[in-house]
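Examination of the molecular architecture
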Amino acid sequence: MAPSNHASNVKPAQEASTDVIGSHESVKSASLSGPDKPQADVAGDRRWFNWHEAGTSKQEKRLIFKLDWFLLSYSCLCFFNKYLDQTNISNAYVSGMKEDLGFGPGNELSWMNTYFLIGYIIGGPISNLILTVVAPRIWLPSCMLAWSLFVLFLYKCNTASEFYALRFCIGFFESAAFPGIFYVLGSWYRKSELARRSSLFVISGVLGQMFSGYLQAALYTGMEGKGGLAAWRWLFIFDFILAIPIAIYGFFFFPDTPETTKAFYLNEWERNRAKERIAEEGRTPVGKFDLTVLKRVFLSWQLWTFSIGWALWTLTCGSYIMQFFGLWLKAEKTYSVVEINNLPTIIGAVNFFFMIGSGYVSDKIGNRGPVCIAVGALLTFCYTVLTVWNVPSGLKIAVYCICGCYGCFSPLMAGWVNSVCGGDQQLRAFTLAFMGSFGQAVVIPFQQYQFPSSEAPAYASTKGYGSSLAFVVALTLWTGFGIGFIEKRAPKWFNDPERETEN
C-alpha cells in the first residue's frame, strides 16, 4: 500500500520516518531503511509487551490514547454494567430469594436464564443492523437505560412469571451491548490492536460478575431489612443506580465510527488518520444497507464459520460455571451466604488473567489457533474432573475456579470476526450479532434439560458435565484448527481475490 501523505502536515520533514506508513510490511521495511528511525521504535519491535505497533508516530499514539480513554473506557463500563445486571439474578437466588419466594422445585432459575436468552436472541441481530444506520452514541446508551429500568422493576417481583417477563426484556436490550461495542471497536482499531482491546473489554464483564457477588454480600450484611426490603431486592436497586452515570457518559463521549464521528476531543488530523488506519488494512467500509445484504451475509463463510464456533463455546455452559459453583457451595451447607457470593468470584479473577494473557499472546504471534488449543486442553481437564464428580472437595473447588479460562474464547473469536470481514460493515455487524444469538439459541434447550436447577449441583441424571465435556473438545478442535483452515481456503471457494492475496 502507498505511504500516508498526511504526516508532513503535522511534523517536520526530518521526523517523517517515525510516522506510520501503511501496513505492517511497510513499517518493517521503513525501520530497516530509514536512517533517522529512533532506536526506541526499533527496540519496540523486539519487546514482548507493547501497546502500539513498532514505528507508531507520536500523533498516532495520541489518537490511540484518546480512543483507549473514551471509546474503550465507555465500552468497559457498559459491559461491566451488562454483566452486573445479567448475573445479579444468580446472586439474589442464593441470597434469600429462593427461600422468600418458594422457588426451587419448578426450575425457576433455569427458566429465568431461558427467558433472558430468548430476548437476547431476538434483539441481537436487529440491534446491530440498526447500529449501521443509527449513531452508536445514541443507540447503545439508550439500550442501557432501557434494560436498567427493567432491572429496577425486578425488586418488586413476587412471582416467577413476573421475573420471566422482565428477564426477557432485559435480555432483549442487553443484546445490543456485546456485538454493538465489538462492531465499533473493530471500526477504530487495527487488526494488531484488536485482541488486547477486545480482552480488556470482555474482562470488564468478568469484573461485573465478580462485583455482583461482592455487592450482594455487602448488601446482605448491611441492608437486610432496610426500608422493609430483603437484601436481594436492594441488589436490583443498586444495579440501576450504577447504570445512570455510565449511560450519560456514553451519550456525550462515545465517538461513533470514524466515518460519522463528531467527537469533540478528536481534531481533524486524528479523524482523517482514523479512517486511513482502517483503509490501510483493506477494511474501508463498503457495502450498502439494501437488498444485497441478505446475499452478502448469508452466503458468506464468516457468518457460519464463527456461528458454529460460538455455538460450541456456549454449549460448554462455561458462562454458567459461576452459578454452578454457587449452587454447589449452597448444597454443601457448610458455607455462609457471604462465602457463597464471594468464593465464585475467584472464577472471574482466573478469567481476567487468561483474557489478558491470551490477548497479548495472540496479537504477538499473529495466530489465535495455538492459544485456543492451549486453553481448550486446560478446560478439557476441568470438565473431565467435574464429569467424574466424586473427587475431593479441594480439587472440585480448584477446577471450578480454573474453568474461568473459558472466557478468553469470547474476545478471541469476536476479534477474529472483526479482522476477517474486510470493509463490509453489514457483514461484520450482522455476524457479530448473529453468532451470539445463534449460540444462545442452541444453548437454551441444552441448559434447560442438561442443567436444570432442580438437579444441582451434580447434574448426574442429566449427564450435564459429560455433555459439556464433549462440546469442550469440539470447541478446541474447531477454533484450534477448523477456523484457520477455512480462513485460508475460503477466498478460493468464494472467489474473493482480495482475501486470497492477503492470506
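Below you will find a few notes about this structure. (Residues numbered from 1 in each chain as written. Predicted model: local features only at pLDDT ≥ 70, side-chain atom pairs only at ≥ 80, totals over all residues. Heavy atoms only, no water.)

1. What about the packing of aromatic side chains?
How we decide: Here a pair means two rings of Phe, Tyr or Trp (six-membered ring of Trp) with centres within 6.5 Å. Their orientation is stacked below 30 degrees between planes, edge-to-face above 60, and tilted elsewhere. Secondary structure elements are defined from DSSP: runs of H or I of at least 4 residues count as helices, runs of E of at least 2 residues count as strands, and each element is numbered from the N terminus. Partly exposed residues are those whose accessible area sits between 20% and 50% of the maximum for their type, while under 20% is buried and over 50% is exposed, using a 1.4 Å probe and protein chains only. Distance and angle both matter: a charge sits over a ring if NZ of Lys or CZ of Arg is within 6 Å of the ring centre and within 35 degrees of the ring normal.
Tallying each qualifying case throughout the model produces 46 aromatic pairs. Both rings, one in Tyr115 and one in Tyr164, keep their centres 4.9 Å apart while their planes meet at 15°; by these two values the pair is stacked. A residue pair is termed long-range when its members are at least 10 positions apart, and Tyr115 in helix H4 (residues 108-131) and Tyr164 in helix H6 (residues 160-174) qualify at 49 residues. Using a relative accessible area of 16% as the deciding quantity, one classes Tyr164 as buried. Plain terms: the ring middles of Tyr459 and Tyr465 are 5.9 Å apart, the flat faces sit at 75° to each other, and that makes the pair edge-to-face. Here Tyr459 falls in the buried class, since its relative accessible area comes to 1%. Counting every residue linked through ring pairs, the aromatic cluster contains Tyr320, Phe324, Trp389, Phe446, Phe451, Tyr459, Tyr465 and Phe471. Over the face of the ring belonging to Tyr83 we find Lys82, whose NZ or CZ atom lies 4.6 Å from the ring centre. The ring of Trp389 has Lys396 lying over it, and the distance from NZ or CZ to the ring centre is 3.7 Å.

2. A short note on the pattern of salt bridges
Let me state the cut-off plainly: Whenever a carboxyl oxygen of Asp or Glu lies within 4 Å of a side-chain nitrogen of Lys or Arg, that contact is scored as a salt bridge.
For the coordinates displayed, the defined rule picks out 12 salt bridges. Its salt-bridge partner being Lys66, residue Glu270 comes within 3.0 Å of it at the nearest N-O pair. Taken together, the positions of Glu270 in helix H10 (residues 268-279) and Lys66 in helix H3 (residues 58-101) put the pair 204 residues apart, joining distant regions of the chain. Its relative accessible area of 18% is what places Lys66 among the buried residues. Between Arg190 and Glu281 there is a salt bridge, and its shortest N-O distance comes to 3.9 Å. Placement of the pair is Arg190 in the loop between helix H7 (177-188) and helix H8 (191-222) and Glu281 in the loop between H10 and helix H11 (292-298), with a sequence separation of 91 residues. Neither residue differs from the other here; Arg190 and Glu281 are each classed as buried. If you follow the salt bridges from partner to partner, you end up with Glu60, Arg190, Glu193, Arg273, Glu276, Arg277, Glu280 and Glu281 in one network.

3. Topic: the nonpolar core
Selection criterion: Residues enter a nonpolar core if they are buried and are Ala, Val, Leu, Ile, Met, Phe, Trp, Tyr or Cys, with the set joined through side-chain atoms within 4.5 Å. In what follows, a contact means two residues having at least one pair of non-hydrogen atoms within 4.5 Å.
Met97, Phe163, Phe178, Ile321, Phe324, Tyr400 and Tyr465 are the most contacted members of the largest nonpolar core, which has 137 residues in total. If sequence neighbours within four positions are ignored, Phe324 has contacts with Cys317, Tyr400, Phe451, Tyr459 and Tyr465.

4. What about the side chain of Asp85?
On the secondary structure map, Asp85 appears in helix H3. Beyond its immediate stretch of four places on either side in the chain, Asp85 contacts Trp147, Ser148, Val151, Arg167, Glu174 and Asp239.

5. A few points about a nonpolar patch on the surface
Selection criterion: Here a patch means residues that are over 30% exposed by relative accessible area and free of salt bridges, tied together within 9 Å if like-charged and within 5 Å if nonpolar (Val, Leu, Ile, Met, Phe, Trp, Tyr). Reported accessibility uses the Shrake-Rupley method at a 1.4 Å probe radius. Residues are deemed covered only where the shown protein chains occlude them.
Residues Trp111, Tyr115, Ile118, Ile122 and Ile126 make up a contiguous nonpolar surface patch of about 400 Å² in total accessible area. Locating Ile126 in the fold gives a position in helix H4. When its relative accessible area of 45% is taken as the criterion, Ile126 is described as partly exposed.

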